[in-house]
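Breakdown of the fold
Each chain, written out:
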Amino acid sequence: MNKDLIENIGDNHISSNVNTPLLPTAFDKNDDEKIKTIQHHFSKIMETLGLDLTDDSLSGTPYRFAKMYVKELFYGLNPENKPKLSVFENKYSYNKMLVEQNITIDSSCEHHFLPITGHAHIAYIPKDKVIGLSKINRLVDYYAHRPQVQERLSLQILKDLQTILNTEDVIVMIAAKHLCVSSRGIKDKDSFTTTIEYGGCFEKKAYRNEFLNIVNNTTK
């Protein structure tokens, strides 16, 4: 792949894969082994940049960096960390829109490994199942904590909720700032990106407008 193509893919946030691209060997190493490997290689990156790792302030940075990547920023890569999503019988036969708003997005761009921060707004119309409200937040957090592109993140959340709730009537909207836009390249500090994915009844404009009106009127 030539350098121009590499830059174009990164700038355009191109991804052809709805699933996070993982090697077949992704889980051959445990977390401690991954931390040890990343620590070694990141120390080489720091040394290449000319940093003195014998300095008290820098000596522990490769380990801290590696632990942060494995245990915190990218914990969502490991399916063992996926939250248990409790669903319950819809005993009240509630059949109107249920909206969970301003869910924190704290992710990382897979093209530059820089932060993506913002909020997700999610709605569904229950059929025979409902889900605990905090479980939606946990699901968003899980998928966000892996190298991402925003379009894929929206689709992963949508498809998982549709499966769990046994309904196509789900909509996911994400509005986020990308540090790969604000801190490099064009360095635009104010712009943000909005993605929206939906299925079922939300294919109809009236349902989408109802959702958007709720979000717009309560997030100002």
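Residues numbered from 1 in each chain as written. Predicted model: local features only at pLDDT ≥ 70, side-chain atom pairs only at ≥ 80, totals over all residues. Heavy atoms only, no water.

1. What about the sheet that holds strand 3 (residues 115-124)?
Going by this rule: Two strands qualify as a pair provided that DSSP identifies no fewer than 2 bridges between them. Labels follow the DSSP assignment, with helices taken as runs of H or I lasting at least four residues and strands as runs of E lasting at least two, numbered in each case from the N terminus. Residues count as neighbours in contact if any of their non-hydrogen atoms are within 4.5 Å of one another. Helix axes are fitted only over the stretch in contact, all axes being lines through C-alpha atoms; the angle between N-to-C directions runs from 0 to 180 degrees.
Reading across the sheet, the five strands line up as 5-2-3-6-7 and stay open at both edges, with mixed pairing between neighbours. The open sheet has two edge strands, strand 5 (147-148) and strand 7 (193-198), and neither has a second partner. With nine bridges joining them, strand 2 (residues 98-109) and strand 3 adopt antiparallel strand pairing. Residue pairing in the sheet places leucine 98 in a bridge with tyrosine 124 of strand 3. Running at roughly 20° to strand 2, helix 4 (residues 133-144) makes contact with strand 2, strand 3 and strand 5 of the sheet.

2. Quick word on the environment of lysine 82
The line we're drawing: Distance and chemistry together define a polar contact, namely a pair of N or O atoms within 3.5 Å, with one atom able to donate a hydrogen and the other to accept it when in protein, and with adjacent residues in sequence counting only for side-chain atoms on both sides.
Tracing the chain through its elements places lysine 82 in the loop between helix 3 (61-73) and strand 1 (87-89). Not counting residues within four places of it along the chain, the set of residues in contact with lysine 82 comprises Leu139, Tyr142, Tyr143 and Asp160. Polar contacts involving the side chain of lysine 82 include one to the side chain of aspartate 160, which spans 2.7 Å.

3. Considering the nonpolar core
Rules: Residues belong to one nonpolar core when they are buried, are Ala, Val, Leu, Ile, Met, Phe, Trp, Tyr or Cys, and are joined through side-chain atoms within 4.5 Å. A simple rule labels every residue: compare its accessible area, found with a 1.4 Å probe on the protein chains alone, to the largest value its type can have, and call it buried under 20%, exposed over 50%, or partly exposed in between.
Membership of the largest hydrophobic core comes to 28 residues, with the highest contact counts inside it found for Ile122, Ile131, Ile157, Leu161 and Ile174. Listing elements by their share of this core, those giving two or more residues are strand 2, strand 3, strand 4 (129-131), helix 4, helix 5 (150-165) and strand 6 (170-178). One finds Ile125, Ile171, Met173 and Phe211 within the second-largest nonpolar core, a separate group that totals nine residues.

4. Quick notes on a nonpolar patch on the surface
Put simply, the test is: Each patch is built from residues lacking any salt bridge and having more than 30% relative accessible area; the joining distance is 9 Å for like charges and 5 Å for nonpolar side chains (Val, Leu, Ile, Met, Phe, Trp, Tyr). Every accessible area reported is derived by Shrake-Rupley at a probe size of 1.4 Å, with residue values counting cover from the shown protein chains alone. Each salt bridge in this description consists of a side-chain nitrogen of Lys or Arg and a carboxyl oxygen of Asp or Glu lying within 4 Å of one another.
A cluster of nonpolar side chains, contributed by Ile45, Leu49 and Leu51, occupies part of the molecular surface with about 300 Å² of accessible area. Mapping isoleucine 45 onto the fold places it in helix 2 (residues 31-48). Classification of isoleucine 45 by relative accessible area gives partly exposed; the value is 44%.

5. Things to note about unusual backbone geometry
With a phi close to 55°, asparagine 102 is a non-glycine residue in the positive phi region. As for its position among the elements, asparagine 102 is in strand 2. Located in the positive-phi region is phenylalanine 113, a residue other than glycine, with phi close to 55°. Mapped onto the elements of the fold, phenylalanine 113 is located in the loop between strand 2 and strand 3.

Shape is all these values report; function is a separate question.
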